[in-house]
Amino acid sequence: MQKLLVDSGPLVALFDVDDRWHHPVTDFLEKYRGELVTSAANVTEAAWITASASDRMLANLLTWLHRGAVSIHNLELQDLRRIAALSAQYRSLRPDFADLALLALAERLKLDRILTLDKKDFMVYRLKNGRALHNVLAVAAS
């Protein structure tokens, strides 16, 4: 089964009907047949953003996650070392911890595809092999 990294933005947009990315994310996920993967850092970020918007939105996100919609991975010691290196490498971008957690997770799980709304940063970030993560939402929106 194919696996796809999911950034925080799509997790928020999925439950915010007023978000301009709500329909593109919903449409993509309705058609996607594979495993969704994210880090605990991204769940934390998405939960904080949805809770700031409404209790209902947070409850919907948590219910969806509880049903097993996304495989949530904790960070491991080697991930923290990699995140520190990535943080130094991309210092000028002021990288988001959750973004760097996804890069470390991608390397550990050998994944190269991501569902993200953050095209600016993920166009710059590179994996150890020098390649960027492939944003499937950019392709679906084309």
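Each value, and the rule that gives it
- Counting restarts for each chain: residues are numbered from 1 in the order of the written sequence.
- Restriction of local features to residues with pLDDT of at least 70 applies here, the model being predicted, together with a cutoff of 80 or more for giving and counting side-chain atom pairs; totals for whole chains, interfaces and linings are based on all residues.
- Only hydrogens and water are removed before side-chain values are computed, so all heavy atoms of the structure are retained for them.
- Helix and strand assignments follow DSSP, with helices taken as H or I runs no shorter than four residues and strands as E runs no shorter than two, numbered in order from the N terminus.
- For the radius of gyration, the atom set is restricted to C-alpha positions; the globular benchmark scales as 2.2 Å times the number of residues to the power 0.38.
- Residue exposure (1.4 Å probe, protein chains only): buried if accessible area is under 20% of the type maximum, exposed if over 50%, otherwise partly exposed.
- Contact between two residues is taken to exist if any of their heavy atoms lie within 4.5 Å; hydrogens are not considered.
- Being paired, for any two strands, means DSSP has found at least two bridges between them.
- What counts as an axis is a line fitted to C-alpha atoms, over the stretch in contact for a helix, and the angles between N-to-C directions run from 0 to 180 degrees.

So, on to the overall build of the protein. If you tally the helices and strands in the protein, you get 8 helices and 5 strands. In sequence order, the secondary structure elements of the protein are arranged as β-α-α-β-α-α-β-α-α-β-α-β-α. On C-alpha atoms alone, the protein measures out to a radius of gyration of 14 Å, which is about the 14 Å that the 2.2 N^0.38 rule sets for 142 residues. For the protein, the spread of C-alpha atoms along the principal axes amounts to about 35 × 30 × 30 Å. Going through the 142 residues of the protein one by one, you find that 46% of them count as buried. Taking all contacts inside the protein whose residues are at least 6 apart in sequence as the whole, residues at least 24 apart take part in 65%.

This part covers the sheet that holds strand E5 (residues 134-135). Read across the open sheet, the 5 strands follow the order E3-E2-E1-E4-E5; overall the sheet is parallel. At either margin of the open sheet sits one strand with a lone partner, and together these are strand E3 (71-73) and E5. Against the sheet, helix H3 (residues 40-53) touches strand E1 (3-6), strand E2 (35-39) and E3, its axis set at about 85 degrees to E2.

Below, the discussion takes up unusual backbone geometry. Phi at Arg94 takes a positive value of approximately 55 degrees, unusual for a residue other than glycine. Its place among the elements puts Arg94 in the loop between helix H5 (77-89) and helix H6 (97-109). By relative accessible area, which is 76% here, Arg94 ends up exposed.

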